[in-house]
Amino acid sequence: MFQNNLKSLVKKNSLLWGKEVAEDYHKAAERDMEMHWNGYVEPALARHAIDYSEVVDFACGYGRNTDFLLRRAGRVSMVDVNKHNIEYCRAKYQNNQRVEVRACNGYDLGDIGEASCTFFYTFDSMVHFPLRIVEAYLPEFFRVLKPGGYALVHHSNYTKAGPNADFKKNPHWRNYMSAEIFAGLAKAAGFVVAEQTVHPWGVPNLDCVTILLKPHLETAAN
């Protein structure tokens, strides 16, 4: 039953970000990516000793984040639930031996091995995810990260509409989430919350960039 509920949420939410918005959303997002990278991403990355040898770009869309990650990554595994995005990225990166494109089902990462990546990254995607999908994914993020690995997660900080409200009526289609709620979910999944930075996105304090750390076993035990 729980898995069926997740599948229903994926159909209502995650599958909105493929071909249906290709001409408008992806082009606009790519146009603004350098500004967002310099303003939101790079300052957070610079404060942590991140190993970029094996990177996952989750909910990759058309690869606007991957293009920036490849400046420092050894390899990038691109992951998306939308068939259209997967096909687009496989064509775009077909000659790049440092890139692998993977499909996911919208609520787990079963195709990615345990402790197989050194850095997990998602930006400008999970801001739209329902709380239950975020909760389902965080243990998966933890599972695929190597001990000592970091994750950068860009998520919503919007709680003025409840978790069951239509997120498409919220500012910039932000779903229900807060820095505090996300931190609690991340800790329950086993992460250490290394930092959280609240940012505007057309609306004051609408978003949050959270840096998570998967501790080594001996650190977690203490």
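Residues numbered from 1 in each chain as written. Predicted model: local features only at pLDDT ≥ 70, side-chain atom pairs only at ≥ 80, totals over all residues. Heavy atoms only, no water.

1. Focus on the overall build of the chain
So, point 1. Scanning the chain for helices and strands turns up seven helices and seven strands.
So, point 2. Ordered by position in the sequence, the α and β elements of the chain form the string α-α-β-α-β-α-β-β-α-β-α-β-β-α.
So, point 3. Evaluated residue by residue, the chain yields a buried proportion of 52% over its 222 residues.
So, point 4. Across the chain, the fraction of contacts at a sequence separation of at least 24, relative to all contacts at a separation of at least 6, is 68%.
So, point 5. Counting every atom, the chain has about 10,400 Å² of accessible surface; 51% of that belongs to carbon and sulfur. (Helix = DSSP H or I, 4+ residues; strand = E, 2+ residues; numbered from the N terminus. Buried < 20%, exposed > 50% of the residue type's maximum accessible area, 1.4 Å probe, protein only. Contact = heavy atoms within 4.5 Å. Areas by Shrake-Rupley, 256 points an atom, 1.4 Å probe, with all protein chains shown as cover.)

2. Some remarks on the sheet that holds strand β2 (residues 75–80)
So, point 1. Taken together, seven strands build an open sheet; the order of strands is β3-β2-β1-β4-β5-β7-β6 and the sheet is mixed. Each edge of the sheet is formed by a strand with only one pairing partner; in this case those strands are β3 (99–103) and β6 (192–199). Ignoring which end each strand starts from, the neighbouring axes of this sheet average 15° apart.
So, point 2. The sheet contact formed by β2 and β3 spans five bridges and is parallel. Its bridge partner being in β3, D80 is matched across the sheet by A103.
So, point 3. Where helix α5 (residues 131–144) meets the sheet, it contacts β1 (54–58), β4 (117–122), β5 (145–156) and β7 (207–213), and its direction lies at approximately 150° from that of β5.
So, point 4. Sheet strands touched by helix α6 (residues 179–188): β5, β6 and β7. Its angle to β6, the strand with the most contacts, is close to 160°. (Pairing = 2+ DSSP bridges. Axes fitted to C-alpha atoms, helices over the stretch in contact; angles between N-to-C directions.)

3. Let's talk about the nonpolar core
So, point 1. Counting residues in hydrophobic clusters, the biggest one holds 32 residues, and the most contacted among them are W37, V41, L45, M78, F119, Y121 and L152.
So, point 2. The set of elements that each furnish at least two residues to this core consists of α2 (22–46), α3 (64–69), β2, α4 (83–92), β3, β4, β5 and β7.
So, point 3. When residues of this core are assigned to their parent elements, the largest contribution, six residues, is made by α2.
So, point 4. In this structure, I112, V134, F141 and L185 belong to the second largest nonpolar core, which totals 28 residues. (Core = buried A, V, L, I, M, F, W, Y, C linked by side-chain atoms within 4.5 Å.)

4. With respect to the pairing of β2
So, point 1. The element β2 is largely enclosed, with a buried count of five among its six residues.
So, point 2. For the handedness criterion, the β-α-β arrangement of β1, α3 and β2 is classed as right-handed. (Right-handed = clockwise from strand over helix to strand, strands pointing away.)

5. Here we look at α4
So, point 1. Within α4, burial applies to N85, I86 and C89. Angular distribution of buried residues about the axis of α4 spans 100°; they occupy a single face of the element. (Arc of directions from axis to C-beta.)

6. Describing the pattern of salt bridges
So, point 1. With the rule as written, the count across this model stands at twelve salt bridges.
So, point 2. In this structure, the salt-bridge partner of E54 is R75, at a minimum N-O distance of 3.9 Å. Of this pair, E54 sits in strand β1 while R75 sits in strand β2; the two residues are 21 residues apart in sequence, bridging distant segments of the chain.
So, point 3. We classify E54 as partly exposed; its relative accessible area is 28%.
So, point 4. Across the pair R75 and E100 runs a salt bridge, and its minimum N-O distance is 3.8 Å. (Salt bridge = Lys/Arg side-chain N within 4 Å of Asp/Glu carboxyl O.)

7. Focus on the environment of P147
So, point 1. Its location among the elements puts P147 in strand β5.
So, point 2. Note on P147: relative accessible area 39%, which makes it partly exposed.
So, point 3. Spatially, the C-alpha atoms of P147 and P215 are 5.5 Å apart, while their sequence positions differ by 68 residues.
So, point 4. Those residues in contact with P147, other than ones at most four positions away along the chain, are A115, K214, P215 and H216.

8. Quick word on the packing of aromatic side chains
So, point 1. Following the criterion strictly, the structure yields 17 aromatic pairs and no others.
So, point 2. Residues Y62 and Y88 carry aromatic rings whose centres are separated by 3.7 Å and whose planes lie at 10° to one another, so their mutual orientation is stacked. With Y62 in the loop between β1 and α3 and Y88 in helix α4, the pair connects residues that are 26 residues apart, well separated along the chain.
So, point 3. Residue Y88 is classed as partly exposed on the basis of its relative accessible area of 34%.
So, point 4. Ring centres of F129 and Y137 lie 6.3 Å apart, and the angle between their planes is 35°; this geometry places the pair in the tilted category. Each member of the pair, F129 together with Y137, is buried.
So, point 5. Ring pairs connect the aromatic residues W37, Y52, F68, F119 and Y121, which therefore count as one cluster. (Phe/Tyr/Trp six-rings, centres within 6.5 Å; stacked < 30°, edge-to-face > 60°.)

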